[in-house]
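Results of the structural survey
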Amino acid sequence: MRRLAAWIIGAAACAIGASAPAQAQDYPTRPVRIIVGFGAGSGADITARVVGARMSEILGQQIVVENKTGAGSSIGADYVAHASPDGYTLFMATISQPINAAVSPHLNFDFVKDFSPVVLVSTIPNLLVVNPSLGAKNVQELIALGRQRPDGLSYGSSGVGTGTHLAAELFTVLTGVKMVHVPYAGSAQVLTDLLAGRIQLGFMPASTVVQHVRDGKLVALATTEKKRAAIAPEVPTMAEAGLPGFDTGLWFGLLAPAGTPKAAIDRINGVVNAAIKSEAVVKGLQPQGIDLLGGTSEDFKRYIASEMERWDKVSRAAGLKK
């Protein structure tokens, strides 16, 4: 009997071991959902839908994009953090996640512990733009002007704690220039007042302002990432403009609930990396100022760690830490 029991246990273990690769190979066998924490037409939503369409073709399974908005995308993040870790529910994370974690420590989830990074998909670089009436033609002239104005330069953002707000706060931390923050409901309202000269500068999504720069209505001083923006290659980076270490954009990346099988994560990672190289995805996203990235899940994990450290320091320096 003991020999029979041992044989049965051993056979069961072999069967389980043999079935695991088969299951990994078959994944996914049903539609995969990508939860987006912002509304339709947002950068995160556009990225998820364009990349998701190509992913669906590669996988032979439907990719369903769902918008669960609110609380700076924390509602969507919370939903996925508590979803089944089976590879069928993913979250399109953005720069808002490490910022929210930095300024709102009492969330219902832990951005690091409750998610498994899958892949960094894309980014929308910001441009530092000024109204021509300010007279600054480059970053160093802007810094000099700012230091001459004790009341501070006025800048607009799409809201307290957003990527455009924290980019400006990072600028003040690195330069010591005093600036007055004017928060708006969105980038469109910032642009209206920036063009009218009611505020003097802003860190704006490149796709939102590049045509106004080319028309001479705004002056672009720098792009905020470590490489030049594909949509505005003539604009220098912050490092080229004299501020090394300034590297931030409105990034988008896929996360899975913590505990999701590595086989599923690796499968999605490979499919996304293939999708973003396709002509359809490149043509669908690059004209909108969205630069495609890709890489390994470990690359994304390291990037998230650096973002958490960066925005924690900036939020503390700016007095935003709650």
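Use the structure listed above.
Okay, so let's go over this structure. Computed from a predicted structure; not experimentally measured.

What counts and how
- Residues numbered from 1 in each chain as written.
- Predicted model: local features only at pLDDT ≥ 70, side-chain atom pairs only at ≥ 80, totals over all residues.
- Heavy atoms only, no water.
- Core = buried A, V, L, I, M, F, W, Y, C linked by side-chain atoms within 4.5 Å.
- Buried < 20%, exposed > 50% of the residue type's maximum accessible area, 1.4 Å probe, protein only.
- Helix = DSSP H or I, 4+ residues; strand = E, 2+ residues; numbered from the N terminus.
- Contact = heavy atoms within 4.5 Å.
- Arc of directions from axis to C-beta.
- Polar contact = N/O pair within 3.5 Å; in protein donor to acceptor, adjacent residues only side chain to side chain.
- Axes fitted to C-alpha atoms, helices over the stretch in contact; angles between N-to-C directions.
- Parallel < 35°, antiparallel > 145°, perpendicular 65-115°, else oblique.
- Nonpolar A, V, L, I, M, F, W, Y, C, P; charged D, E, K, R; others polar.
- Phe/Tyr/Trp six-rings, centres within 6.5 Å; stacked < 30°, edge-to-face > 60°.
- Lys NZ or Arg CZ within 6 Å of the ring centre and 35° of its normal.
- Left-handed = near helix turned anticlockwise from the far one by under 90°.
- Pairing = 2+ DSSP bridges.
- Right-handed = clockwise from strand over helix to strand, strands pointing away.

Structural notes on the nonpolar core
Residues Val139, Leu142, Phe171 and Leu254 are the most contacted members of the largest nonpolar core, which totals 81 residues. Here this core gets eight residues from one element, more than from any other, and that element is strand β4 (residues 115–130). Phenylalanine 171 has contacts with Leu128, Val139, Leu142, Ile143, Gly176, Met179, Phe203, Met238, Leu243 and Phe246, leaving out every residue within four places of it along the chain.

Section: helix α5 (residues 139–148)
Turn by turn, an α-helix covers 3.6 residues, leaving residues three or four places apart pointing in a common direction. Within α5 the residues assigned to the buried category are Val139, Leu142, Ile143, Leu145 and Gly146. All buried residues of α5 lie within an arc of 165 degrees about the axis, which places them on one face of the element. Along α5, the residues that are exposed and aim more than 90 degrees away from the buried face are Arg147 and Gln148. Its side-chain oxygen at 3.1 Å from the backbone nitrogen of glutamine 140, asparagine 138 defines the N-terminal cap of α5.

Digging into the packing of helix α6 (residues 163–175) against helix α11 (residues 297–317)
It is the contact of α6 with α11, at a shortest axis distance of 9 Å, that shows an interaxial angle of 75 degrees. Here α11 runs roughly perpendicular to α6, going by the angle between their axes. Contacts between α6 and α11 involve Leu166, Ala167, Glu169, Leu170 and Val173 from the former and Arg310, Trp311, Val314, Ser315 and Ala317 from the latter. Each residue belonging to the contact of α6 with α11 can be placed in one class, and the counts come to seven nonpolar, one polar and two charged.

Side note on the packing of aromatic side chains
Going through the model one piece at a time under the given rule, you end up with eight aromatic pairs. Judged by centre distance (6.0 Å) and plane angle (10 degrees), the ring pair of phenylalanine 203 and phenylalanine 246 falls under stacked. One end of the pair, phenylalanine 203, is in strand β7 (residues 201–205); the other, phenylalanine 246, is in the loop between β8 (219–223) and β9 (249–257), and 43 residues separate them in sequence. One exposure class covers both phenylalanine 203 and phenylalanine 246, and it is buried. Chaining the aromatic ring pairs together yields one cluster made of Phe91, Phe109, Phe111 and Phe115. The ring of tyrosine 88 carries the charged tip of arginine 30 above its face, separated from the ring centre by 3.7 Å. A cation over an aromatic ring shows up here: lysine 68 above the ring of tyrosine 79, its NZ or CZ 4.5 Å from the ring centre.

As for the packing of helix α4 (residues 96–103) against α11
For the pair α4 and α11, the least separation of the axes is 9 Å and the interaxial angle reads 45 degrees. As summarised for this structure, α4 and α11 are arranged oblique, according to the angle between their axes. Taken as a pair, α4 and α11 cross one another with a handedness that is right-handed. Contacts from Pro98, Ile99, Ala101, Ala102 and Val103 in α4 reach Glu307, Met308, Trp311, Asp312 and Ser315 in α11. For the contact of α4 with α11, the class distribution of residues is seven nonpolar, one polar and two charged.

Regarding unusual backbone geometry
The omega torsion of the bond from tyrosine 27 to proline 28 falls at -5 degrees, within 30 degrees of zero and hence cis. Tracing the chain through its elements places proline 28 in the loop between α1 (2–26) and β1 (32–36). Backbone geometry places alanine 71, a non-glycine residue, at a positive phi of 55 degrees. Tracing the sequence through the fold places alanine 71 in the loop between β2 (63–67) and α3 (74–81). Phi is positive for serine 73, close to 80 degrees, though the residue is something other than glycine. Along the polypeptide, serine 73 turns up in the loop between β2 and α3.

Here's the deal with the pairing of strand β5 (residues 153–157)
Counted residue by residue, β5 has five buried out of five residues, so it is predominantly covered. Pairing of β5 with strand β6 (residues 179–183) involves five bridges; the strand directions are parallel. Note on β6: the bridge partner recorded for serine 157 is proline 183. Of the crossover connections in this fold, the one passing from β5 over α6 to the parallel β6 is right-handed. Pairing geometry for β5 and β7, over two bridges, is parallel. Its bridge partner being in β7, tyrosine 155 is matched across the sheet by leucine 201.

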